[in-house]
Every structure is written in structure tokens, then in C-alpha cells.
Amino acid sequence: MIPIHVLHGPNLNLLGRREPGIYGTATLADIERDLRARAETLGVALTVRQTNHEGELVGFVQEAGLAGAGVLINAAAYTHTSIALRDAIAGSGAVAVEVHLSNVHAREAFRHVSLIAPVCAGLICGFGPHSYGLGLDALARLMRDRLPPLPSDVSSGATSQD
């Protein structure tokens, strides 16, 4: 199974009640349930975490990256402010995909700049809870492409020198 850590930043624990006009009515538990179902079909083992603390999020990224796991991250407000989070992604070698529920580029100007985007493989935003599923699909493919190829015919004893 492909290991992927889904990391949620500050205030995402309030989904479902927090500004539903912007973030919708899905809760974090709803998103996790849907992701786990999708992960099963993709052959992905998920670790899901949420924190309101920047240092803890940095630690989660480092742990995942150093273990060779992919990172699906909604860093929330830390997206726009955290150099430490950017450095954790880059320094740990994490393959990361950034996701956001809302279209951050259609919102306040300060949300238009992501400090983590330059060290992420990609960014998906504006599709509500579906942003996570799209991100998981993309990250699973990236992680699968990084795996060493399986030998084409181990049972025949053929080698590349034959």
C-alpha cells in the first residue's frame, strides 16, 4: 500500500459550522470518511491528522516526508504565513500536494500567495470537499510513479543480460 498522510491545519476542525458560505457544510469527519473510501480503491494507506499548532504541523510533515510517505496538505492560514512549513516540506523530501476547499485566488489578496506551493508537486483548490479527493488521486499517482518497477518475469529466471 502507498502511504499518504492527510494533514489539516488550523480551524479545519470547525468545518461544517465555520463560514458555510465559503467552506460548505461538510465536516472534517465527512471528508475523512470519503477519503478513506477513495484510498481503499487506490491502494493507499491513510494517516489523517489535524492541528491548530504550526510546530505540530511542521512535525507531522517532517515525519511523513522522512518516512517516504506522500503528504496531502491543507495548511489553511499557515499556507500564507509559514516559512517553517515550507522548509519542512522541502527539507524532509516530502512529495506534497496542497489542497484548499475554497478558491483562494478568488478571495482576499493575502490568500493569493502560498508559501508552500513552490515546494509542492501541485495545488488543487475551489472544489469544496472534492479538492481532497482530486488531490488524493493525483498524489497516489505521483507516489506510484516513484515506486521501483516490478521485475517483468521473475519466474522465468530471465535477466537483462540474457
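Within every chain, residues take consecutive numbers counted from 1 along the sequence as written. Local features in a predicted model are, by the rule used here, given only for residues with pLDDT of at least 70; side-chain atom pairs are given and counted only at 80 or more, and totals for whole chains, interfaces and linings are based on all residues. For side-chain calculations, the full set of non-hydrogen atoms in the structure is used, while hydrogens and water are omitted.

**Observations regarding unusual backbone geometry**
Here is step 1: Positive phi values are uncommon outside glycine, yet Asn-11 reaches one of about 70°.
Here is step 2: The way it works is that DSSP assigns letters per residue, a run of H or I at least four long becomes a helix, a run of E at least two long becomes a strand, and they are numbered from the N terminus. Position of Asn-11 among the secondary structure elements: in the loop between β1 (2–8) and α1 (20–23).
Here is step 3: Unlike most non-glycine residues, Ala-76 shows phi in positive territory, near 50°.
Here is step 4: Within the fold, Ala-76 resides in the loop between β3 (70–74) and α4 (83–92).

**Concerning the sheet that holds β1**
Within a beta sheet, neighbouring strands are joined by backbone hydrogen bonds and run either parallel or antiparallel to one another.
Here is step 1: The rule for pairing is simple: two strands pair if DSSP sees at least two bridges between them. Taken together, the five strands give an open sheet; going across it, the order is β2-β1-β3-β4-β5, and neighbouring strands pair in parallel fashion. If you trace the sheet from one side to the other, it starts and ends with β2 (44–50) and β5 (122–125), each paired once. Between one strand axis and the next, the sheet turns through 20° on average, direction left out of account.
Here is step 2: Note: β1 against β2, seven bridges, orientation parallel. The partner of Leu-7 across the bridge, within β2, is Arg-49. The axes are straight lines fitted to the C-alpha atoms, using for helices just the contacting stretch, and the angles between their N-to-C directions are given from 0 to 180°.

**Re the confidence of the model for the chain**
Here is step 1: Across the chain, the average pLDDT comes to 91, with 91% of residues at 70 or higher.
Here is step 2: Per-residue confidence from the predictor is reported as pLDDT, which spans 0 to 100. Between two residues, a contact is recorded if the distance between any of their heavy atoms is within 4.5 Å. When the criterion is pLDDT under 50, residues 153–162 qualifies, and its contacts beyond four places in sequence or with other chains add up to two contacts.

**Regarding the nonpolar core**
In globular proteins that are soluble, nonpolar side chains generally tend to be buried together.
Here is step 1: To form a nonpolar core, buried Ala, Val, Leu, Ile, Met, Phe, Trp, Tyr and Cys residues must be joined to one another through side-chain atoms within 4.5 Å. Exposure classes here rest on a 1.4 Å probe applied to the protein chains alone. A residue is buried below 20% of its type maximum, exposed above 50%, and partly exposed in between. Counting residues in each nonpolar core, the largest one holds 25 residues, and the members touching the most others are Ile-4, Val-44, Leu-46, Leu-72, Tyr-132 and Leu-136.
Here is step 2: Going through the elements one at a time, β1, α2 (28–42), β2, β4 (95–100) and α5 (130–146) are the ones with two or more residues in this core.
Here is step 3: Residue contacts for Leu-136: discarding those within four places in its chain leaves Ile-4, Leu-35, Arg-38, Ala-39, Leu-42, Val-44, Leu-46 and Leu-72.
Here is step 4: With 19 residues, the next largest nonpolar core counts Val-58, Ala-64, Ile-89 and Ala-94 among its residues.

**Quick word on the environment of His-130**
Here is step 1: Along the chain, His-130 falls in helix α5.
Here is step 2: Put simply, His-130 and Leu-35 are 95 residues apart on the chain and 9.4 Å apart in space, counted from C-alpha to C-alpha.

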